[in-house]
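Chain by chain, the residues:
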Protein chains: 2
Amino acid sequence: MTTPVHSDVVVVGAGISGLVAARRIAEAGYRVRVVEARDRVGGRTLNADLGDGQVAEVGGQFTGPGQDAIQRVAAELGVTTYATHDTGTHLLDLGGRIRPWSVSEPWIGPAASLSFLAAQRRLNRMAATVPPHEPWRAPRAREWDAETLGGWMRRHVPVPRARVLLAMAVRAVWAFEPEDVSLLHVLACVNAGDGLQRLMRTRDGAQQDRFTGGSQRISELLADGLPEPPLLRHPVRRVVQDGTGVTVHTGPGTLLRADRVVVAVPPQLAARIAFEPRMPPGREQLLARSPQGTALKYLAVYDEPFWRAAGFSGQVASDRAPVASAFDNTPPAGRPGVLLGFAVGGPARRLLELPPPVRQERVLASFARWFGERARTPRQVIVGSWSEEEWTRGCYAGYLTPGAWTAHGHLLREPHGRVHWAGSETATRWIGFMDGAVTAGERAAAEVLTATAARPAPVGARDGRSG
Amino acid sequence: MTTPVHSDVVVVGAGISGLVAARRIAEAGYRVRVVEARDRVGGRTLNADLGDGQVAEVGGQFTGPGQDAIQRVAAELGVTTYATHDTGTHLLDLGGRIRPWSVSEPWIGPAASLSFLAAQRRLNRMAATVPPHEPWRAPRAREWDAETLGGWMRRHVPVPRARVLLAMAVRAVWAFEPEDVSLLHVLACVNAGDGLQRLMRTRDGAQQDRFTGGSQRISELLADGLPEPPLLRHPVRRVVQDGTGVTVHTGPGTLLRADRVVVAVPPQLAARIAFEPRMPPGREQLLARSPQGTALKYLAVYDEPFWRAAGFSGQVASDRAPVASAFDNTPPAGRPGVLLGFAVGGPARRLLELPPPVRQERVLASFARWFGERARTPRQVIVGSWSEEEWTRGCYAGYLTPGAWTAHGHLLREPHGRVHWAGSETATRWIGFMDGAVTAGERAAAEVLTATAARPAPVGARDGRSG
């Protein structure tokens, strides 16, 4: 048996949430150690090298107004933002027909447009009554948690084409199908994201900006700023609490010992850690009722963004499988040209049943349909298939199925003895976003600091090396 | 590294499903080895010793008409059945009032009774259109998979008291709340269980009979009949396939090697096994969308079944937490007296948040409310808390949340290379029942035998010892 490595706090997971928690704990003078299953930091953010110092982002990448937390942390680290490419004609590929498109003024014919806008207004009004920190206290919580968004849409969005458009928006924003999810959950997320329009939009919305150097840079700088580097390739298998502390058992056999632990991983991964004592049954059930969305992200790299010359913005919303939404993801330098295609929800599930070369062929066929044959032959294709990633198991995030919020919601952030919960799924603003990852990490850090405030920070711990 | 123990087939899980699969494979002349995480066989069935050769059943116990498969296997093994105690007055504890009660003629006032019966008829009619072997092919599959049973009840069962009664029945039959589950899933289960009445009833229903010697006896005899005994205390951690076979890695480090593997464990446990190669993403998502019900089973043991003298059958249906349904579970000898109380669904979840002594006090208070103060002081209380069992994680069974059947149902029984799937959750008759465990095990065995039929059974394998 190995001798444990001692710290004050162990953080499980080197995504944004865990690294922010670790940063705040280290700033308060405590020894903190981050352990990570992967061979890299960043979790659901990942930069791919395009050469010449340019990067493409294989995971989460966007930010926008209202996402103050991630932007504050980025600013702390000296990471700037720039505007997502948003000039030129956007396209809507709906019912087999391609037409120009504006997310802020969605026009799909008079009846369908009215029906879509009415549904959007109604969902926003309902969402305003759902407190994101405790959705189970909404006045109509039980009713809305007993149905899915898809069921609600079937009854309240009478025009089929409006329903199709709303489903497209849901897929693009959350990577699940409307029928997969508790209506109450969606409403909490809508409220936590400042309304549907903000979630859907590029300009003035959640897709407005990107981080210079790529979003993974934030995690890399957070990790670099820690007194001790994250322990990579150390999947956590067991977390054992006793009267005086916690022992964290990792895959390679390394033991870590700490007063407190912060678990900052998605629900499907937290469920796979063996906690001793076990989590309360209600929290186990919460995780068992928290599947994760399905998203594949395709980045097709060309010598230049040739679609710009033809007047296209690169942005597409589509009801045609496999790509539901596309963006111009060209780096700010303007070269190489990068088209980004999201396969999400049901179409993504069907794509996953095909061999990777066939998937890619179909994605490129979507690009060619919108931007011409030249799109079919990129010089490089980069794929993020997040459901197939062992240490993610589904993107963009975990979501709750019907009945779960009202039954178990009160246990979501409740510490399990010395174990605290972070991760964007535990956020109360921008749930499932990078911004939520930050606030969840800071909240967990605050819990740990409050719990350990009784005893003084160990002298010199800030600069010390443990173990 | 240990040398692997060789068999033709390894079966993971020594519940009824795995043991039946193993029996059929052994009968065909192949070497089969069952591995089990627990120190016992029987899975979700368990006998507790009451002394004097009497047993009480802590897990699944009932059978009834239509459950031909479990009764056929029991007969093969020489296990007989006897009738569940069903004489005397049944009680309904509804809205704070206790009254006599008949499941076959439910009377709760004119409007509520009509509303309840109409809902029952309508659900049965809908269920008849849902093929249990492929619910996703029901004509209205997408619509019904987009809503929960609870949502449907809010719209189609107008009388509140009828809705309460229906929710009580749902809890008692499946141990989940109506809002937890896909309507399509419930309809498939109703069809697979020959209609709601049969599922709810004692006489002429799924609670009609019990197995002499206790239901776990079936698993014990199945295990005794195998050429090689199950390997107990060997939780399976990894299942690794290569070009020539499968290696099964167990907790203590023992390796087993086989041509084929049958996995016969509940979905939440299957999800915790590391498969290499990974399961297809769709099957992983299916498991991630398959939580398990919440059931605690309390057996209060008294010197005699004193309630019988007072004219009570011991059967109660109740909307009062924590006990939703009660039975007289006295062994056929007539002594000791045993009251059985099921805490299921939401009330069970709330019970699990209390310390065990408080839970027990509340359960006994329910018994005392119905059968008098004497019920408060049993000589012994036996508890099955199946959500807290590491190797079960929830009873009676796994169920599917909205959207899962239509998205992933076609993958439920699809073998993963050399890995086949059993367990009652994969059944097409009596899904989640002991009967379904048998047919699922036999189906998986048939798949394995078909796959291996190309080569002759090894000579003498039936009596041989492997390793």
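Residues numbered from 1 in each chain as written. Chains lettered and ligands numbered in written order. Predicted model: local features only at pLDDT ≥ 70, side-chain atom pairs only at ≥ 80, totals over all residues. Heavy atoms only, no water.

The name an unreviewed UniProt entry gives chain A is Amine oxidase, with Streptantibioticus cattleyicolor as the organism. Of the comments in the UniProt record for chain A, the one headed Cofactor (unreviewed entry) reads "FAD". Looking at chain A in UniProt, the text filed under Sequence similarities (unreviewed entry) is "Belongs to the flavin monoamine oxidase family." (UniProt positions renumbered as here; feature names shortened; annotations may be inferred.)

**Re the overall build of chain A**
When its secondary structure is counted, chain A shows 16 helices and 21 strands. For 467 residues, the compact-globule estimate of 2.2 N^0.38 gives 23 Å, and the C-alpha radius of gyration of chain A, at 22 Å, lies within 12% of that figure. Along the first, second and third principal axes, the C-alpha set of chain A runs to 65 × 55 × 40 Å. Sorting the 467 residues of chain A into buried and exposed places 64% on the buried side. Of the contacts made within chain A by residues no fewer than 6 positions apart, 75% connect residues no fewer than 24 positions apart. Total accessible area on chain A stands at roughly 16,400 Å², and carbon and sulfur atoms take up 52% of it. When the 55 positive and 45 negative side-chain charges of chain A are each reduced to one mean point, those points stand 4 Å apart. (Helix = DSSP H or I, 4+ residues; strand = E, 2+ residues; numbered from the N terminus. Rg over C-alpha atoms; globule rule 2.2 N^0.38 Å. Buried < 20%, exposed > 50% of the residue type's maximum accessible area, 1.4 Å probe, protein only. Contact = heavy atoms within 4.5 Å. Areas by Shrake-Rupley, 256 points an atom, 1.4 Å probe, with all protein chains shown as cover. Lys, Arg positive; Asp, Glu negative; His and termini not counted. Charge placed at Lys NZ, Arg CZ, Asp CG, Glu CD.)

**Some points on the sheet that holds strand 10 (residues 209–211) of chain B**
Residue and element names in this part refer to chain B. In spatial order, the strands read 6-10-7; together these 3 strands make up an open sheet with antiparallel pairing. If you trace the sheet from one side to the other, it starts and ends with strand 6 (62–63) and strand 7 (81–83), each paired once. In this sheet, strand 10 lies alongside strand 7 in antiparallel orientation, the contact comprising 3 bridges. In the strand pairing of strand 10, Thr81 is matched with Phe211. (Pairing = 2+ DSSP bridges.)

**A closer look at the domain arrangement of chain A**
Residue and element names in this part refer to chain A. Each assigned domain of chain A is listed with its residue range as follows: domain 1 (5–43 + 216–291 + 399–452), domain 2 (47–64 + 206–211 + 294–385) and domain 3 (105–200). Taking only C-alpha atoms, the centre of domain 1 and the centre of domain 2 are 32 Å apart. A combined buried area of about 480 Å² lies between domain 1 and domain 2, and 61% of that area is made up of carbon and sulfur atoms. Per-residue buried area on domain 1 facing domain 2 is highest for Gln216, Ile218 and Met434; these three make up 70% of the total on that side. Across the contact surface, domain 1 and domain 2 share 0 salt bridges. In terms of residue count, the dominant contributor to the side of domain 1 that touches domain 2 is helix 9 (residues 216–224) (3 residues). The class makeup of the residues in the side of domain 1 that touches domain 2 is 4 nonpolar, 1 polar and 1 charged. (Domains from an automatic or database assignment. Buried area = accessible area lost by both parts, 1.4 Å probe. Salt bridge = Lys/Arg side-chain N within 4 Å of Asp/Glu carboxyl O. Nonpolar A, V, L, I, M, F, W, Y, C, P; charged D, E, K, R; others polar.)

**Structural notes on the pattern of salt bridges**
All names here are of chain A. Applying the stated criterion across every chain yields a total of 68 salt bridges over all chains. Asp194 is the partner of Arg198 in a salt bridge, and the nearest nitrogen-oxygen pair spans 3.7 Å. Members of the salt-bridge network, linked through shared partners, are Arg23, Arg24, Glu27, Arg72, Glu76 and Glu442.

**Things to note about the relation of the copies chain A and chain B**
The operation relating the two chain copies consists of a rotation about an axis and a shift along that axis. Superposing chain A onto chain B takes a rotation of 180° plus a shift of 0.0 Å along the axis, which leaves an RMSD of 0.0 Å. Here the symmetry operator amounts to a two-fold rotation axis. A high fraction, 100%, of the interface residues of chain A reappear at the interface in chain B, so the copies pair face to face through one surface. (Least-squares fit on C-alpha atoms with pLDDT ≥ 70 in both.)

**Comments concerning the pairing of strand 17 (residues 312–318) of chain A**
All names here are of chain A. Strand 17 sits mainly inside the fold: 6 of its 7 residues count as buried. Direction of pairing for strand 8 (residues 89–94) relative to strand 17: parallel, over a ladder of 4 bridges. Its bridge partner being in strand 17, Leu91 is matched across the sheet by Val316. With 2 bridges joining them, strand 17 and strand 18 (residues 325–328) adopt antiparallel strand pairing. Within the sheet, the bridge partner assigned to Ala317 lies in strand 18 and is Ser325.

**Some details on the interface of chain A and chain B**
Listed by partner, the interface residues are 39 residues for chain A and 39 residues for chain B. Carbon and sulfur atoms make up 46% of the area that chain A and chain B hide from each other, which totals about 3,100 Å². Connecting chain A to chain B are 6 salt bridges. Taken together, chain A and chain B are joined by 20 residue pairs in polar contact (both at pLDDT 80 or more). Those elements that provide at least two residues to the side of chain A that touches chain B are helix 4 (141–145), helix 5 (149–156), helix 11 (281–288), helix 13 (345–352) and helix 15 (404–408) of chain A. Its residues placed into classes, the side of chain A that touches chain B shows 10 nonpolar, 11 polar and 18 charged. (Polar contact = N/O pair within 3.5 Å; in protein donor to acceptor, adjacent residues only side chain to side chain.)

**Notes on the side chain of Gln315 of chain A**
As for its placement among the helices and strands, Gln315 of chain A is situated in strand 17. Not counting the four nearest positions on each side in its chain, Gln315 of chain A is found in contact with His85, Asp86, His90, Leu91, Thr202, Ala326 and Phe327 of chain A.

**A short note on the packing of aromatic side chains**
Residues and elements named next belong to chain B. Applying the stated rule across the entire model yields 30 aromatic pairs over all chains. Note on Trp307 and Phe371: the rings are 6.2 Å apart at their centroids and 40° apart in plane angle, and the pair reads as tilted. In this pair, Trp307 sits in helix 12 (residues 306–309) while Phe371 sits in helix 14 (residues 356–371), placing the two residues 64 residues apart along the sequence. By relative accessible area, which is 1% here, Trp307 ends up buried. (Phe/Tyr/Trp six-rings, centres within 6.5 Å; stacked < 30°, edge-to-face > 60°.)

**Quick look at the sheet that holds strand 7 (residues 81–83) of chain A**
Strand order across the open sheet formed by 3 strands is 6-10-7 (chain A), with antiparallel pairing between neighbours. Two strands lie at the open edges of the sheet, namely strand 6 (62–63) and strand 7 of chain A, each paired on one side alone.

**Notes on the UniProt feature "binding site: substrate" (unreviewed entry) in chain A**
All names here are of chain A. Under the local residue numbering, the UniProt record ascribes the feature "binding site: substrate" (unreviewed entry) to Phe342. In this structure, Phe342 sits in strand 19 (residues 337–344). Beyond its immediate stretch of four places on either side in the chain, Phe342 contacts Phe62, Leu296, Lys297, Pro322, Val323, Ala324, Ser325, Phe327 and Tyr396.

**Notes on the UniProt feature "binding site: FAD" (unreviewed entry) in chain A**
Residue and element names in this part refer to chain A. UniProt records the feature "binding site: FAD" (unreviewed entry) for Ser17, Glu36, Ala37, Val236 and Glu425 in the present numbering. Given the relative accessible area of 4%, Ser17 is considered buried. Other than its neighbours up to four places away in sequence, Ser17 contacts Ala264, Ala422, Gly423, Ser424, Ala437, Ala440 and Gly441. Contact partners of Ala37, with chain neighbours within four places excluded, come to Arg233, His234, Pro235 and Trp391.

**As for the packing of helix 5 (residues 149–156) of chain B against helix 6 (residues 160–174) of chain B**
Residues and elements named next belong to chain B. Packing of helix 5 against helix 6 brings their axes to within 10 Å, and their N-to-C directions diverge by 160°. Of the possible angle classes, the one that applies to helix 5 and helix 6 is roughly antiparallel. When you trace helix 5 past helix 6, the crossing you get is right-handed. For the pair helix 5 and helix 6, the contacting residues are Leu149, Met153 and Arg154 in the first and Arg163, Leu166, Ala167 and Val170 in the second. (Axes fitted to C-alpha atoms, helices over the stretch in contact; angles between N-to-C directions. Parallel < 35°, antiparallel > 145°, perpendicular 65-115°, else oblique. Left-handed = near helix turned anticlockwise from the far one by under 90°.)

**A closer look at the side chain of Thr426 of chain B**
Residues and elements named next belong to chain B. Tracing the backbone shows Thr426 in the loop between strand 21 (419–421) and helix 16 (434–452). A relative accessible area of 5% means that Thr426 is categorised as buried. Within the structure, the side chain of Thr426 is placed 2.8 Å from the side chain of Arg443, a separation counted as a polar contact. Setting aside anything within four residues of it in sequence, one finds Thr426 in contact with Leu412, Arg413, Trp421, Ala440 and Arg443.

**A closer look at the state of the cysteines**
Evaluated as defined, the whole model comprises 0 disulfides over all chains. For the unlinked cysteine Cys189 of chain B, the closest cysteine sulfur is that of Cys395 of chain B, found at 14 Å. (Disulfide = S-S within 2.5 Å.)

**Brief notes about the environment of Val323 of chain B**
Residues and elements named next belong to chain B. Take Val323: it is sitting in the loop between strand 17 (312–318) and strand 18 (325–328). Along the primary structure Val323 and Val363 are separated by 40 residues, whereas in three dimensions their C-alpha atoms are 6.3 Å apart. Here Val323 is in contact with Ser318, Gly341, Phe342, Val363, Ser366, Phe367 and Trp370, once residues within four sequence places are set aside.

**What about helix 2 (residues 68–76) of chain B?**
Residues and elements named next belong to chain B. Those residues of helix 2 that fall on the buried side of the exposure criterion are Ala69, Ile70, Val73 and Ala74. Seen end-on, helix 2 carries its buried residues on one side only, within an arc spanning 135°. Of the exposed residues in helix 2, those oriented more than 90 degrees away from the buried face are Asp68 and Ala75. For helix 2, the secondary structure elements touched by its buried residues are helix 1 (16–27), strand 6, strand 10, helix 9 (216–224) and helix 16. Of the residues trailing helix 2, Gly78 is marked for its positive phi of about 80°. (Arc of directions from axis to C-beta.)

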